[in-house]
Amino acid sequence: MNIILLGPPGAGKGTQSQRLVDRRGMRQLSTGDMLRAAVKAQTPIGQRAKAVMDAGELVSDEIVSALISAELEAMDEDTGAIFDGYPRTAVQAAALDEILAKHGRSLDHVIELEVNEDALVERIVGRFSCANCGKGYHDIFERPKVEGVCDVCGATEFKRRPDDNEETVRTRMAEYRAKTAPILPIYDAQGIVSRVDGMADIEAVTDRIEAILS
Ligand code: ADP
Ligand code: ADP
Ligand code: ZN
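Residues numbered from 1 in each chain as written. Chains lettered and ligands numbered in written order. Predicted model: local features only at pLDDT ≥ 70, side-chain atom pairs only at ≥ 80, totals over all residues. Heavy atoms only, no water.

### Observations regarding the overall build of the protein
Our working definition: Secondary structure counts use DSSP, requiring at least four H or I residues in a row for a helix and at least two E residues in a row for a strand, with both numbered from the N terminus. Between the two quantities, the radius of gyration covers C-alpha atoms and the globule rule is 2.2 Å times the number of residues to the power 0.38. Using a 1.4 Å probe on the protein chains alone, a residue whose accessible area is under 20% of its type maximum counts as buried, one over 50% counts as exposed, and one in between counts as partly exposed. Surface accessibility follows the Shrake-Rupley procedure with a 1.4 Å probe radius. Residue values consider only the protein chains on display as shielding.
Broken down by element type, the protein carries nine helices and eight strands. Whereas a compact globule of 214 residues would reach a radius of gyration of roughly 17 Å, the protein reaches 16 Å, a difference of no more than 12%. Over its C-alpha atoms, taken along the principal directions, the protein stretches across nearly 45 × 40 × 35 Å. Burial analysis of the protein (214 residues in total) assigns 46% to the buried set. Counting only carbon and sulfur atoms, one obtains 50% of the accessible surface of the protein, whose full area is about 10,600 Å².

What follows is the structure, encoded as structure tokens:
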């Protein structure tokens, strides 16, 4: 099974991906996570991408498609893929078709998380994650069960993204509207898009996605 989770920044793509990984043994392919790892490791790609990411703009199609291609190459062919934050442009959507075909895979579902834009800034500015295992949290909506301790791994260090501020989020939302939302008709024409109310609580969103996948 190969699926795309689509939605603006803060829609819940990463949160739902992590939950599907835990429940279904699928693999999350997040270009945002891959790029942040490259920035941290100061690779040539990371050095080129950092300023673009900090500004909330899109990194080049060639770079992100190469990252996705390399990840799929290394994956067991029986493991399902969850594309989180990719594709984000029509060029990336076309590249993904080619990459999937090369690996004998095809898209089963595109799940669009529909959210109210007014809620996204609050979601983004409250977002943080475990510095050790990456589990995602929110100051209001998903706090660790024990204050200051990761539910998953027990670590006590957390981190916040430098681009999770109100100004950058506005740019990222505009990028989504201008470049990413227009790719939905491509998948609508294939009859593989399901729309999910991303304003429901986290558990309810997962249940709805599970129902679509089963
Ligand atoms: P969010 O989940 O908040 O939408 P991501 O972690 O997916 O954010 O992406 C963070 C940043 O990384 C983006 O603002 C962009 O600069 C870059 N990025 C991630 N994925 C892509 C992509 N598919 N194409 C271009 N840029 C990307
Ligand atoms: P994305 O990957 O689409 O940018 P995330 O999954 O990282 O979004 O979610 C953004 C923030 O909102 C996180 O802090 C997360 O805990 C929180 N969040 C995600 N889904 C929901 C939801 N359905 N209701 C409330 N908060 C949510
Ligand atoms: Zn952890």
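### Here's the deal with the site of ligand 2
Our working definition: Whether a residue is near a molecule or strand is decided by its heavy atoms; if any one of them lies within 4 Å of it, the residue is near. The definition of a polar contact used here is a pair of N or O atoms within 3.5 Å, where within protein one atom must be able to donate a hydrogen and the other to accept one, and adjacent residues in sequence count solely through side-chain atom pairs.
The environment of ligand 2 is made up of 18 residues, and the closest members are G10, G14, T15, R127 and Y137. One of the backbone nitrogen or oxygen atoms of G14 is found 2.8 Å away from an oxygen atom of ligand 2. A200 places a main-chain nitrogen or oxygen 2.9 Å from a nitrogen atom of ligand 2. In isolation ligand 2 has 560 Å² of accessible area, and contact with the protein removes 91% of it. The set of elements that each furnish at least two residues to the shell around ligand 2 consists of α1 (13-24) and β6 (136-138). Here the shell around ligand 2 takes three residues from α1, the largest share from any one element.

### A look at the pattern of salt bridges
Put simply, the test is: Any Lys or Arg side-chain nitrogen located within 4 Å of an Asp or Glu carboxyl oxygen qualifies as a salt bridge.
A full pass over the atoms with the stated rule returns 21 salt bridges. Ionic pairing is found between D33 and R36, a salt bridge with its closest N-O pair at 2.8 Å. In this pair, D33 and R36 both sit in helix α2 (residues 31-40), three residues apart, roughly one turn of the helix. Here E117 ties to R177 by a salt bridge, and the two come within 2.9 Å at their closest N and O atoms. Remark: R177 occurs in helix α7 (residues 166-180) and E117 occurs in helix α6 (residues 117-125); sequence separation between them is 60 residues. Ionic contacts of the salt-bridge type, sharing partners, join the residues R127, R161, D163, D164 and R172 into one network.

### Some words on the sheet that holds strand β7 (residues 158-159)
Our working rule: The rule for pairing is simple: two strands pair if DSSP sees at least two bridges between them.
Strand order in the open sheet formed by three strands is β6-β5-β7, with antiparallel pairing between adjacent strands. Only two strands of the sheet have a single neighbouring strand rather than two, namely β6 and β7.

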